[in-house]
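Below are the chains, spelled out letter by letter.
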Amino acid sequence: MKKYIPFLILAAFLLGVSCKRPKSKVAIPSPVKVAYGTHALPLSQEVYHDKVLGALVGSAIGDAMGASTEMWHRKSIQLKYGYITGLTPAVREQSPEGTWGHNMIAGATTDDTRWKLLMVKYFVDHPKEANAQNFAQFITDYYQSVAKTFAERDLLTDTSAFDDKVEKLDWIKEWARVALAYQESPKAYQGALNRFYGGEMSCAGQLYTPMFGLIAPNAEEAYLIGYEHALFDLGYAKDISGLVSAMTQMAMQTRNMDSILNISTFVDPHGYQDSRLVGRIPYSVADASIKSVLAIKEHVLIDSLLQKDSLMYKMPEGFPGSYHNWVRQEMAFQFLEKDKKAIAFHAGEIWQILITALEFGQGDFVETLQFIVNYGRDNDTVAAIAGMILGAKDGYARLPEDLREEVLKVNKEVLGIDLEALAKELVTKVPRS
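What comes next concerns the included structure. Just so we're clear, the structure is a prediction, and the values are computed from it rather than from any experiment.

Check the secondary structure of the protein and you find 18 helices and 0 strands. Within the protein, buried positions represent 52% of all 433 residues. The contacts in the protein between residues at least 6 apart in sequence include a share of 69% that link residues at least 24 apart. Summed over all atoms, the accessible surface of the protein reaches about 20500 Å², with 56% contributed by carbon and sulfur.

Right under this line is the structure:
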């Protein structure tokens, strides 16, 4: 028994120590979650109008620049056009997502710009009650209004009129199928959503959610309303749709590209970054893209890469920069091509090209759009998103005069889309918040 006495004394001592009340409690405070960009800068009516018009026209310029080579590989673009620096004729087949006409003149736009028109009308119809339910109803009403025109008598004798109606119906019917199901039931919506455009995680929301950045009061609110309206997106495509809305809103406040690109780091109201295993995919993609561009620009190019007769880095005719600059741009293109998806309009691919181009161009409107358009793939959509962000940043007055005037003219006189009238309608009839 004596041999256990030391252990018993030690146990009693430890028990006594553990039962003593601590003399003081130290509470380490947890950090407070602070929303990014919640204090929007007050804009005068004149500046606000200039930025809205800049966003709409900037987006249309990007759309028009990519319209002739949408879905092309960059080598095919170089063979036919060399390096695209401006607007080219949209020599392409007519399609619901295309120009709605065969072989349109330079400056013609596609469905990316039609969605901007549709969104302005939606904003005007619901100036204070923009929400998912009303958006679904708006899409449904538009589809039904187009469908009802098939009862018109002139279709019996005018085949051109029939073709025109079919094009308009084909454009919206995939979207209407989901919108109708959304209003019917959760089960119906899930089924329709999962077959939207063949079940691909498409860039659907990115066609229109940047528009919410023009009317939202701050970046976080822009994300939330864009996310809510992304009824046609699967998976992290909804997150991306919210992000491009927030980036557009941030561009309304500042011309600093780091602040705009940091949206994917700081704006995450739904907590995507906390998801297990993969975290937040758009943030990871953006971070990798920015780091790759920075590494490429800092890369010391050895003489063997700077041989102008190199087939790998053959500079296309019309490239406005030096051969040294072209090699770096081609290296960025190869980085993008390494991760390209099976379908060019995949939301993740659109996002990767967008972030890479914005970082590469560092806020320069022309350089950024030329980068996107000459890379190819779904270049009109990526350029339309980038054009809206940069147009909101710079305003209409700072856009290249030749490009803005030609796009305004062609869209109004040929396509019936008056971008100036749309900007005025949005500014005067839609509350900013």
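Turning our eyes to something else, we now look at empty space enclosed by the protein. Scanning the model with the defined rule gives 1 cavity of 30 Å³ or more in all. Lining the largest cavity, in full, are His73, Arg74, Glu337, Lys340, Tyr375 and Arg377.

Among the nonpolar cores identified, the biggest contains 115 residues, and Trp115, Trp175, Leu214 and Leu426 are the most heavily contacted of them. In contact with Leu426, other than residues within four places in its own chain, are Tyr48, Val52, Val120, Phe123, Met211, Leu214 and Ile215. Judged by nonpolar contacts, the second largest core, of 5 residues, contains Ala90, Met104, Ala108 and Val410.

Bringing the packing of helix H4 (residues 111-125) against helix H5 (residues 132-148) into the picture now. Remark: H4 packs on H5, axes separated minimally by 11 Å, with the N-to-C direction vectors making an angle of 120°. The angle between H4 and H5 places the two elements in the oblique class. Seen along the crossing, H4 lies across H5 with a hand that is right-handed. Note on element contacts: H5 touches H4 through Asn134, Phe135, Phe138, Ile139 and Tyr142, opposite Trp115, Leu118, Met119, Lys121, Tyr122 and Asp125. Among the residues making up the contact of H4 with H5, the classes are represented as 8 nonpolar, 1 polar and 2 charged.

Even without being a glycine, Gln362 presents a positive backbone phi close to 50°. Take Gln362: it is sitting in the loop between helix H14 (347-361) and helix H15 (365-375). Accessibility expressed as a relative area gives 41% for Gln362, which makes it partly exposed. Positive phi values are uncommon outside glycine, yet Arg377 reaches one of about 60°. Relative to the elements of secondary structure, Arg377 occurs in the loop between H15 and helix H16 (379-394).

What follows concerns helix H12 (residues 281-298). The terminal C-alpha atoms of H12 lie 26 Å apart, and with 18 residues this matches the ideal 26 Å at 1.5 Å per residue to within 8%. Buried residues in H12 make contact with helix H9 (237-253), helix H10 (257-261), helix H11 (263-266), helix H13 (323-338) and H14.

In this section: the pattern of salt bridges. Overall, the coordinates contain 17 salt bridges when judged by the stated rule. The partner of Glu70 in a salt bridge is Arg92, with the nearest N and O atoms 2.9 Å apart. Highlighted residues: Glu70 in the loop between helix H2 (45-67) and helix H3 (74-81) and Arg92 in the loop between H3 and H4, separated in sequence by 22 residues. The exposure class assigned to Arg92 is buried, which follows from its relative accessible area of 17%. The residue Glu330 makes a salt bridge to Lys75 at a minimum N-O spacing of 3.9 Å. With Glu330 in helix H13 and Lys75 in helix H3, the pair connects residues that are 255 residues apart, well separated along the chain. Residue Lys75 is classed as partly exposed on the basis of its relative accessible area, which comes to 32%.

What counts and how
Residues numbered from 1 in each chain as written. Predicted model: local features only at pLDDT ≥ 70, side-chain atom pairs only at ≥ 80, totals over all residues. Heavy atoms only, no water. Helix = DSSP H or I, 4+ residues; strand = E, 2+ residues; numbered from the N terminus. Buried < 20%, exposed > 50% of the residue type's maximum accessible area, 1.4 Å probe, protein only. Contact = heavy atoms within 4.5 Å. Areas by Shrake-Rupley, 256 points an atom, 1.4 Å probe, with all protein chains shown as cover. 1 Å grid on protein atoms, 1.4 Å probe; cavity = no way out; pocket = protein on both sides within 12 Å on 5 of 7 lines; lining within 4 Å. Points joined across faces, edges and corners; volume = space filled by probe spheres on them. Core = buried A, V, L, I, M, F, W, Y, C linked by side-chain atoms within 4.5 Å. Axes fitted to C-alpha atoms, helices over the stretch in contact; angles between N-to-C directions. Parallel < 35°, antiparallel > 145°, perpendicular 65-115°, else oblique. Left-handed = near helix turned anticlockwise from the far one by under 90°. Nonpolar A, V, L, I, M, F, W, Y, C, P; charged D, E, K, R; others polar. Expected span 1.5 Å × (residues − 1). Salt bridge = Lys/Arg side-chain N within 4 Å of Asp/Glu carboxyl O.

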